[in-house]
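Listed below are the residues making up each chain.
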Amino acid sequence: MTDPHLFASAAGDLRGTVTADSLQRVLDHYQASDWRAHRALVTGDLIQDDSAEAYERFRNLLLPLKLRTHCIPGNHDIRDLMQAVCGRPPFSYCAYEEIGDWLLVGLDSCLDGSAGGAVAAAELDRLSAIVTRSEARHIMVFLHHPPIPMGSKWLDSVGLRNGDEVLEKLRNISRMRVVTFGHVHQEYDDNYEGIRILATPSTCRQFLPRSDDFAVDENPPAYRRITLKTDGKIDTEVVWVNA
């Protein structure tokens, strides 16, 4: 899941969508389905209004899942407020975990005061150290900002400033299989040098793909199911949650 943009108020809305309600619809859809996850990933922009109360709302909404939930910050997040909530089990903040044949690693791609992002050298070094210590056969990295251009002029202006550097770093990790991100409020699924690159739509409003200027579309909230397989391949689908 990604980009819930919650408010302290349960009635807080973003571009006409009450974000707590739309996230609840996504969670209810998952709970009512016959598909069950072992982990949840939330790739940033948990909140919209810079409040500690919004993070507590996030925590309370997700606790019924009874899943270990890996969270990373987005450009709308406040790191110290987020860590206070997402550093407490069953949540984690920019963490890594080996599960089965896979290593999952969360990266911080945010820059203070900027909608765009960059993965700092220290964060890339942290990734290298984690990978070196791990014997997992396959690696999945998740971050907020897209490491590749989205073909949308305004959105690419607030993407990952050092995307080429990050992609080169990931390409040189032989066990790297999947990179997934948020931020773009739309679906994306492609391959780069053998790495599956995925974006997940928001649990609230979506952006219009390939638009030069800022624009939203009418697609509903969504989440992505990802099944990590022992051979390093994945099965995945975006699930749109209509009202």
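What counts and what doesn't
- Residues numbered from 1 in each chain as written.
- Predicted model: local features only at pLDDT ≥ 70, side-chain atom pairs only at ≥ 80, totals over all residues.
- Heavy atoms only, no water.
- Core = buried A, V, L, I, M, F, W, Y, C linked by side-chain atoms within 4.5 Å.
- Buried < 20%, exposed > 50% of the residue type's maximum accessible area, 1.4 Å probe, protein only.
- Contact = heavy atoms within 4.5 Å.
- Salt bridge = Lys/Arg side-chain N within 4 Å of Asp/Glu carboxyl O.
- Helix = DSSP H or I, 4+ residues; strand = E, 2+ residues; numbered from the N terminus.
- Phe/Tyr/Trp six-rings, centres within 6.5 Å; stacked < 30°, edge-to-face > 60°.
- Lys NZ or Arg CZ within 6 Å of the ring centre and 35° of its normal.
- Pairing = 2+ DSSP bridges.
- Axes fitted to C-alpha atoms, helices over the stretch in contact; angles between N-to-C directions.

(A) Looking closely at the nonpolar core. Residues Met 1, Leu 46, Phe 58 and Leu 62 are the most contacted members of the largest nonpolar core, which totals 68 residues. In this view, Met 1 contacts Leu 23, Val 26, Leu 27, Ala 40, Leu 41, Val 42, Thr 43, Leu 62, Leu 65, Thr 203 and Tyr 223; residues no more than four positions away in its chain are not counted.

(B) Region of the structure containing the pattern of salt bridges. The full count for this structure, using the stated rule, is 12 salt bridges. Asp 108 is the partner of Arg 79 in a salt bridge, and the nearest nitrogen-oxygen pair spans 2.8 Å. Separated by 29 residues along the polypeptide, Arg 79 in helix 3 (residues 79-86) and Asp 108 in the loop between strand 7 (102-106) and helix 4 (121-133) bring together distant segments of the chain. For Arg 79, a relative accessible area of 26% corresponds to the partly exposed category. Residue class for Asp 108 comes out buried when judged on its relative accessible area of 14%. Across the pair Arg 196 and Asp 189 runs a salt bridge, and its minimum N-O distance is 2.7 Å. On the basis of relative accessibility, which here comes to 22%, the residue Arg 196 falls in the partly exposed class. Salt bridges here are not isolated pairs; linked through shared partners, they connect Arg 39, Arg 68 and Glu 97.

(C) Quick look at the packing of aromatic side chains. Throughout the structure, instances matching the rule amount to 6 aromatic pairs. When the ring of Phe 58 is compared with that of Phe 91, the centres are 5.8 Å apart and the planes differ by 55°; the resulting orientation is tilted. On the criterion of sequence distance, the pair formed by Phe 58 in helix 2 (residues 52-62) and Phe 91 in strand 5 (residues 91-93) is long-range, its members being 33 residues apart. Its relative accessible area of 1% is what places Phe 58 among the buried residues. Centroid distance Trp 154 to Phe 207: 5.0 Å. Interplanar angle 75°. Geometry classified as edge-to-face. Of this pair, Trp 154 sits in helix 5 (residues 153-156) while Phe 207 sits in strand 12 (residues 206-207), placing them 53 residues apart in sequence. The pair formed by Trp 154 and Phe 207 is uniform in burial state, with each residue classed as buried. Put simply, the rings of Trp 154, Phe 207 and Phe 214 pair up and form one aromatic cluster. One Lys or Arg, Arg 36, reaches over the ring of Tyr 30 and ends 4.8 Å from the middle of that ring.

(D) Layout of the sheet that holds strand 5. On the basis of which strands lie adjacent, the open sheet formed by 3 strands has the order 3-4-5 and parallel pairing. Two strands in the sheet have a free side with no partner beyond their single neighbour: strand 3 (39-43) and strand 5. On average, each strand axis in the sheet is tilted by 20° relative to the strand beside it, whichever way the strands run. Alignment of strand 4 (residues 68-72) against strand 5, held across 3 bridges, turns out to be parallel. Bridging across to strand 5, Cys 71 finds its partner in Tyr 93. Of the strands in this sheet, strand 4 and strand 5 touch helix 3, which is tilted by about 145° from strand 5.

(E) Just the environment of Asp 50, in detail. Within the fold, Asp 50 resides in the loop between strand 3 and helix 2. A sequence separation of 27 residues divides Asp 50 from Asp 77, and the C-alpha atoms of the two residues are 6.9 Å apart. Setting aside anything within four residues of it in sequence, one finds Asp 50 in contact with His 76, Ile 78 and Leu 81.

What is shown is where atoms sit, not what they do.
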